[in-house]
Amino acid sequence: MSAEPGSLKRTQYRLGFWLLLAPIVLWLSLLIILPHIDMVLVSLRERVASRQYEFSFSNYTEFFTEPLYWNTFVRTAVMSIVATALTLIIAFPVSFYIAKVLSGKPKMALFILCLIPFWVSELVRTYGWMILLRETGLVSGALQWLGLVDQPVEMLYNDVAIMVGLIYTSMLFMVVPLVTTLDSLDKSLIEAGYDLGGSSWHVMKSIVIPHAMPGIMSGCIVVFMLTLGNYLTPTLLGGKDSLWFTEQIYTQFITRFNWEQGAAFGILLLVLSSLIVWLGLKITKQSFTRVMS
Amino acid sequence: MSDQAFALDAGAGVQEDLACTLLSKHFGEFAAVDEVSFSIPRGAFFSILGPSGCGKTTLLRMLAGFQQPDSGDILIKGQSVLNTPPNKRPVNMVFQHLALFPTMSVAENIAYGLKRKGVPKREHATLIDAVLAKVQLPDYGKKRIDQLSGGQKQRVAIARCLVLNPAVLLLDEPLGALDLKLREQMKIELKRLQREFNTTFVYITHDQSEALVMSDQVAVMNKGRFEQVGTPQELYYHPKTPFVASFIGDSNQYVGKVQGQSGKTITVVTEHGVRLLSQSSEETPPGSRITVFIRPEVMQISLGQPEAEQDNCLQVTVLRTLFDGARSQLQVETAEGAVLTVALPQTADFHALEPGRSVYVSWQANQCLCFPVAPVTRPEAV
């Protein structure tokens, strides 16, 4: 008799556990795992005739034999890494200032100022950059008015424009984890660093950065993945020939209706991002669980 | 006043490691540190004792260089350090929460300062082993900080500073986070370390027992000023201000009116109407208001009328026993309604003191302290 209420409670507890888990399991399996399994299957077949498919690696060999695909792939990876690094370099001082120099109301205000641009859709924000940088844009106009140039300058549709757009879009995703980790750094540790004879550079290098490493890595992972998978910003700011890998995927799926090739590219992009994140963690000796906690 | 006398004293030949002259720091209208002057002879254990908010932390942070004084000067080994940033000052600080670097091992924590000082790397291991042996943590170099106990962290924090041979070691209430037993051990340990390294220690605390046990000199600080600087014995037996008298040790305090004076002995009638004899070094005209301080431990309890002649002897009723082992106290009430706290000796005679029982308390006039009641500031009871 005494065992029964206990076991009933346990069954109830189990039921509750599965009910609470159900949405995330459904979400992951239906929207993430299932499509990827399908994508792997699609990427591994070749159309031999109308509605006739055969198992084949041809989509992958196509990628490695066609220099355009290969180059775009490497270019996207390198640009993403550079964009992540630059975002970190710009965001770190900003985050340090917010987390350790300011306090109270100004701190909140500055943090919210970093957040405000993200209330506007990415499309509108990118359009903002276009207004500034295009041939008839504000910067071009200002340069002409100042007499520095004698004809309109086109500042869109190049790599710098893409980079500016990517960094701008990624900023918040770097600032938030950095501010959070830097906030948890005891100010007396910084003071102790100075007290024991360290210069600002040493304090930064031996105390602040090691402490902020999990935040730096989680920010970098998020920014890198967002950048690598970004479609809008490279297309709008870089133009049609911006050679971003997501554009290749789009072209395969939508323009050429070659789902097999597109799926193969998608899988390759996933492998690439996983590999680079794994490498980054290995190099900085961080564990994924610690970075993401 | 008193601290200047001390400063002159120390300047008369003893070399001093640290001296401050008229040091002030204001936060808006509030004077956190107000024209403080003092000097500390080489190798002394100097404590700054005061209630929270008295400005002692601000003073310490100015010595370390984290805060800039509004006026006054800080001299370390005779050199002004006002324009020296914290990382260049020959002082090191043990922080309140120790501030050990959690991302480094014990040895790396100690090596941090050595590297910054430019000590050649091949000497690091020897220096680290030597300092760890001195703080009685041999072979702890490879441990991570989170593997250490509270007392061990304390020792590492001290070792990390002392390996650099600072002119002055500043300690910001480092024992606050420890439990009582460990704190008692660390008090003795700190004193031992200070002797062994022969470094000047400046220790700030609000705990009078820490200050009294460890220090050669104690400065009692209140509202941004030094009330008195002296040896622990001086502060306890000869406090110069009512604040010091009430802050150091326990006291029964009574405000009363002077009735008469004969020689050094004055007769006081307290607000309750109790007549007391007290000693006064100052001239106290009859009718002037004074505060009398009587320490619980100077009073004797007896069950019957004491035989020996006592200056003050009161018949009182036991209110309650405040049992605290060897520090037990008895609260008693006079016929007039004044409540006294008396130290209760842990002898067999007094074990069975029930509330309501009548006993006698007695003490000599020269064991009382009295101060004229200042017209504005009354000493805060602590």
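Rules and cut-offs
Residues numbered from 1 in each chain as written. Chains lettered and ligands numbered in written order. Predicted model: local features only at pLDDT ≥ 70, side-chain atom pairs only at ≥ 80, totals over all residues. Heavy atoms only, no water. Domains from an automatic or database assignment. Contact = heavy atoms within 4.5 Å. Buried area = accessible area lost by both parts, 1.4 Å probe. Salt bridge = Lys/Arg side-chain N within 4 Å of Asp/Glu carboxyl O. Polar contact = N/O pair within 3.5 Å; in protein donor to acceptor, adjacent residues only side chain to side chain. Helix = DSSP H or I, 4+ residues; strand = E, 2+ residues; numbered from the N terminus. Nonpolar A, V, L, I, M, F, W, Y, C, P; charged D, E, K, R; others polar. Phe/Tyr/Trp six-rings, centres within 6.5 Å; stacked < 30°, edge-to-face > 60°. Lys NZ or Arg CZ within 6 Å of the ring centre and 35° of its normal. Pairing = 2+ DSSP bridges. Axes fitted to C-alpha atoms, helices over the stretch in contact; angles between N-to-C directions. Expected span 1.5 Å × (residues − 1). pLDDT = per-residue confidence, 0-100. Core = buried A, V, L, I, M, F, W, Y, C linked by side-chain atoms within 4.5 Å. Buried < 20%, exposed > 50% of the residue type's maximum accessible area, 1.4 Å probe, protein only.

Visitor: Tell me what's going on with the domain arrangement of chain B, and back it up with residues and numbers.
Guide: Residues and elements named next belong to chain B. According to the domain assignment, chain B contains domain 1 (2-246) and domain 2 (250-372). Inter-centroid distance (C-alpha atoms) of domain 1 to domain 2 is 39 Å. Taken together, the contact pairs nine residues of domain 1 with seven residues of domain 2. Across the domain 1/domain 2 interface, buried area totals approximately 660 Å², and carbon plus sulfur atoms make up 56% of it. Interface area lost by domain 1 to domain 2 is led by Tyr236, Pro242 and Ala245, which between them contribute 62%. For the pair domain 1 and domain 2, the number of links is zero salt bridges. Our count for the contact surface shared by domain 1 and domain 2 stands at three residue pairs in polar contact (both at pLDDT 80 or more). Elements with a contribution of two residues or more to the side of domain 1 that touches domain 2: helix H8 (232-237) and helix H9 (242-247).

Visitor: How would you sum up the interface of chain A and chain B? Please name residues and give values.
Guide: Opposite the 17 residues of chain A that make contact, chain B presents 21 residues. Summing both partners gives a buried area of about 1600 Å² for chain A against chain B, and 61% of it is carried by carbon and sulfur. Looking only at chain A, the three residues that lose the most surface to chain B are Glu191(A), Asp195(A) and Leu196(A), adding up to 43% of its buried area. The interface formed by chain A and chain B contains one salt bridge. One can count six residue pairs in polar contact (both at pLDDT 80 or more) joining chain A with chain B. Counting residues per element, the ones that place at least two in the side of chain A that touches chain B are helix H8 (187-195) and helix H9 (200-228) of chain A. Its residues placed into classes, the side of chain A that touches chain B shows seven nonpolar, eight polar and two charged.

Visitor: Give a detailed account of the packing of aromatic side chains, specifying residues and quantitative values.
Guide: For the structure on display, the rule yields 26 aromatic pairs over all chains. Here the aromatic cluster, defined as three or more aromatic residues joined through ring pairs, consists of Phe63(A), Phe64(A), Tyr69(A), Trp70(A), Phe73(A), Phe245(A) and Phe265(A). The aromatic ring of Tyr112(B) is capped on one face by Arg116(B), whose charged end is 4.8 Å from the ring centroid. One Lys or Arg, Lys134(B), reaches over the ring of Phe197(B) and ends 4.6 Å from the middle of that ring.

Visitor: Account for the sheet that holds strand E18 (residues 339-343) of chain B, naming residues and giving values.
Guide: All names here are of chain B. Ordered by their spatial adjacency, five strands build an open sheet running E15-E19-E16-E17-E18, and the pairing between neighbours is antiparallel. Both outer strands of the open sheet, strand E15 (300-302) and E18, are each paired with one neighbouring strand and no more. Going from strand to strand, the sheet's axes swing by 45° on average, the running direction of each strand aside.

Visitor: Residues and numbers for the sheet that holds strand E14 (residues 289-294) of chain B, please.
Guide: Residues and elements named next belong to chain B. In space, the five strands of this open sheet follow the order E13-E12-E11-E14-E20, with antiparallel pairing throughout. In the strand order of this sheet, the two ends are held by strand E13 (275-279) and strand E20 (369-372), each with one partner. Strand-to-strand twist across the sheet, computed as the mean angle between neighbouring axes with direction ignored, equals 45°. Across six bridges, the pairing between strand E11 (residues 252-262) and E14 is antiparallel. Bridging from a neighbouring strand, Gln253 pairs with Phe293 of E14.

Visitor: Requested: an account of the environment of Gln248(A), with residues and values cited.
Guide: Residues and elements named next belong to chain A. By the secondary structure assignment, Gln248 is in helix H11 (residues 245-255). Distance from Gln248 to Thr72, taken between C-alpha atoms, is 8.3 Å for residues 176 residues apart in sequence. Dropping the residues within four chain positions of it, Gln248 is found in contact with Leu68, Tyr69, Thr72, Leu243 and Phe265.

Visitor: Report on helix H12 (residues 259-284) of chain A, specifying residues and quantitative values.
Guide: An ideal rise of 1.5 Å per residue puts 38 Å on 26 residues; H12(A) measures up with 37 Å between its terminal C-alpha atoms. Positive phi shows up at Lys285(A), right after H12(A), with a value of about 55°.

Visitor: Report on the confidence of the model for chain B, specifying residues and quantitative values.
Guide: Residue and element names in this part refer to chain B. On average, chain B scores 87 in pLDDT, and the residues at 70 or more come to 94%. Per-residue pLDDT, averaged within each element of chain B, yields its smallest value for helix H1 (residues 2-11) (43) and its largest for strand E3 (residues 45-49) (94). Residue range residues 1-14 is modelled with pLDDT below 50. Its contacts to residues more than four positions away, or to other chains, number 17 contacts. Taken together, the stretch residues 377-382 has pLDDT below 50 and engages in eleven contacts with residues farther than four places along the chain or on a different chain.

Visitor: Any details on the nonpolar core? Residues and values, ideally.
Guide: In terms of nonpolar packing, the biggest core is built from 104 residues, with Leu59(B), Ile74(B), Val202(B) and Phe226(B) touching the most fellow members. Residue contributions to this core peak at ten residues, all from helix H7 (residues 159-183) of chain A. Setting aside residues up to four positions removed in sequence, Ile74(B) forms contacts with Leu18(B), Ala19(B), Cys20(B), Leu23(B), Met62(B), Leu63(B), Gln79(B), Ser80(B), Val81(B), Leu82(B) and Arg89(B). Residues Val316(B), Leu344(B), Cys368(B) and Cys370(B) belong to the second largest nonpolar core, which totals 28 residues.

Visitor: Let's hear about the pattern of salt bridges: which residues, and what values?
Guide: Residue and element names in this part refer to chain B. Counted by the stated rule, this structure contains 16 salt bridges over all chains. Measuring nitrogen to oxygen at the nearest pair gives 4.0 Å for the salt bridge that ties Glu210 to Arg183. Taken together, the residues span a long stretch of sequence, with Glu210 in helix H7 (residues 208-214) and Arg183 in helix H6 (residues 180-197) at a distance of 27 residues. Like Arg183, Glu210 is buried. Glu189 is the partner of Arg192 in a salt bridge, and the nearest nitrogen-oxygen pair spans 2.8 Å. Residue Arg192 and its partner Glu189 are both found in helix H6; the two are separated by three residues, about one turn of the helix.

Visitor: Before we move on, could you go through the side chain of Thr200(B) and cite the residues and values that matter?
Guide: All names here are of chain B. Within the secondary structure, Thr200 is located in strand E8 (residues 200-205). In this structure the side chain of Thr200 is engaged in a polar contact, spanning 3.0 Å, whose partner is the backbone nitrogen of Gly43. Not counting residues within four places of it along the chain, the set of residues in contact with Thr200 comprises Asp17, Ile40, Pro41, Arg42, Gly43, Ala44, Ala167, Val168 and Leu169.

Visitor: Requested: an account of unusual backbone geometry, with residues and values cited.
Guide: Residue and element names in this part refer to chain B. We note that Leu98 has phi near 70°; this positive angle belongs to a residue other than glycine. In this structure, Leu98 sits in the loop between strand E6 (91-94) and helix H3 (106-117). Although it is not a glycine, Ala99 sits at a positive phi angle of roughly 55°. Here Ala99 lies in the loop between E6 and H3.

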